[in-house]
Amino acid sequence: MKNKNFLHRERCLICGSGKLETRLSQPLNDPPLWAYLQESFKNNITQQDVQGVNFEIVHCPGCELYFVPNVPTDEFYEKLTHFQTKIDPAIPTKQNSQNVRFFANYGLEAEKIAVMLDRKPHNIDVLEFGSGNGHWLLMAKAYGYNTKGVEIREERIAYAKSNGLSIVRSLEELKEQRFDYIRSDQVLEHLSDPLMYLRALTKYLKQGGFMWIQVPMGDKINEVLSSYLGTPDKSITPIGHINCFTHQALLTLAARAGMAPISARKLQRFYLKAMWKNRDTKYFGEILKVGFKRKTCALYLQKKSV
């Protein structure tokens, strides 16, 4: 039975392979899963909405991606999450619940941009894809960068603009603009076609620029699946986190988009230079982190050499 609220992704989102292994299949109206959906979407969903649809998780052996084949249409996802956008965007609960370390990490990330590009902030153009309420962009703007954000939620756009940020709703609105640094944090796991979007972002990156992407770490997905009791883990869900990237899958995605990760050695050289130039010992911790954290789902990328 075809359900108009869902689309079916038949092939791997990264390599296009149709040789997929089904690791889980469970009706969306199965009692424990249905209770999870009602809690997640505040009773903004009915059993008729999901009639005949299974929560499936498939695995591509070729590129190590795990994903949900049956995903909500844009219109249905908007309906389900509409209640969330009605929460007063002037009270961003995620940021209000954080301590000073959360914002210090934002500051350190913003500082790294000028370190890596070796230029003054006012000569650096920065784009955040999926900018939310704009809190990271505010930090980047405070450091002196020229900032721009892409966000689809109208309430979040309005809130960000009220703080003096420049936000557009789609990449197409950027037209001929190009950026030295592009950031995408916790976005690709939500997209029905992450490769298409990453390729699009690559076109907006200036020659010699950097891109930073981060997604939830998915390397423990097999442990999650082996202990599954009927309620999804946050690493992959029927609606929301529809793609689960292992470290290898993220590397393959980047490569297919024409991007390559910056080596640990190169990152360490950046940080050593900053530590020496600024007499700032906080980069010592970054040097160690890069050296010991071999597998990660947060990557600095550059365009591949032609």
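None of these values were measured; they are calculated from a predicted model.

**What to know about the overall build of the protein**
Summing up its helical and strand segments, the protein has eleven helices and 13 strands in all. Over its C-alpha atoms the protein spans a radius of gyration of 20 Å, differing by no more than 12% from the 19 Å that the globule rule assigns to 306 residues. Projecting the C-alpha coordinates of the protein onto the three principal axes gives extents of approximately 60 × 45 × 40 Å. Residues classed as buried in the protein amount to 49% of the 306 residues present. Sequence-distant contacts in the protein: of pairs separated by 6 or more residues, those separated by 24 or more amount to 74%. Positive and negative charge centroids in the protein, built from 42 and 31 side chains respectively, lie 7 Å apart.

**Structural notes on the pattern of salt bridges**
For the structure on display, the rule yields 13 salt bridges. A salt bridge links Arg183 to Glu109; its shortest N-O distance comes to 2.7 Å. One end of the pair, Arg183, is in strand E9 (residues 179-185); the other, Glu109, is in helix H4 (residues 100-117), and 74 residues separate them in sequence. Given the relative accessible area of 9%, Glu109 is considered buried. With its nearest N and O atoms 2.7 Å apart, the salt bridge here joins Glu286 to Lys112. Of this pair, Glu286 sits in helix H11 (residues 282-292) while Lys112 sits in helix H4, placing them 174 residues apart in sequence. Like Lys112, Glu286 is buried. Through salt bridges with shared partners, a single ionic network connects Glu109, Glu128, Arg183 and Asp185.

**Re the side chain of Arg183**
Looking at Arg183, the relative accessible area reads 2%, which means it is buried. A distance of 2.7 Å separates the side chain of Arg183 from the side chain of Glu109, its partner in a polar contact. Among all residues touching Arg183, those that are not within four sequence positions of it are Tyr106, Glu109, Leu127, Glu128, Phe129, Trp136 and Trp212.

**As for helix H6 (residues 154-162)**
When H6 is considered as a whole, its buried residues turn out to be Ile157, Tyr159 and Ala160. Taken end-on, H6 shows its buried residues confined to a sector of 165°, consistent with a single buried face. Of the surrounding secondary structure, the elements contacted by the buried residues of H6 are helix H5 (135-142) and strand E8 (167-168). Phi turns positive one or two residues past the end of H6, at Gly164, with a value near 85°.

**Considerations on the sheet that holds E8**
Strands sit in the order E8-E7-E6-E9-E10-E13-E12 across an open sheet of seven strands; the sheet is mixed. Either end of the sheet is taken by a strand with one partner, and the two such strands are E8 and strand E12 (259-261). By the bridge criterion, five bridges tie strand E6 (residues 125-129) to strand E7 (residues 146-150) in an arrangement that is parallel. Residue pairing for E7: Glu128 is matched across the bridge by Gly149. In the packing of H5 onto the sheet, contacts are made with E6, E7, E8 and E9, and the angle to E7 comes to roughly 170°.

Cut-offs used in this document
- Residues numbered from 1 in each chain as written.
- Predicted model: local features only at pLDDT ≥ 70, side-chain atom pairs only at ≥ 80, totals over all residues.
- Heavy atoms only, no water.
- Helix = DSSP H or I, 4+ residues; strand = E, 2+ residues; numbered from the N terminus.
- Rg over C-alpha atoms; globule rule 2.2 N^0.38 Å.
- Buried < 20%, exposed > 50% of the residue type's maximum accessible area, 1.4 Å probe, protein only.
- Contact = heavy atoms within 4.5 Å.
- Lys, Arg positive; Asp, Glu negative; His and termini not counted.
- Charge placed at Lys NZ, Arg CZ, Asp CG, Glu CD.
- Salt bridge = Lys/Arg side-chain N within 4 Å of Asp/Glu carboxyl O.
- Polar contact = N/O pair within 3.5 Å; in protein donor to acceptor, adjacent residues only side chain to side chain.
- Arc of directions from axis to C-beta.
- Pairing = 2+ DSSP bridges.
- Axes fitted to C-alpha atoms, helices over the stretch in contact; angles between N-to-C directions.

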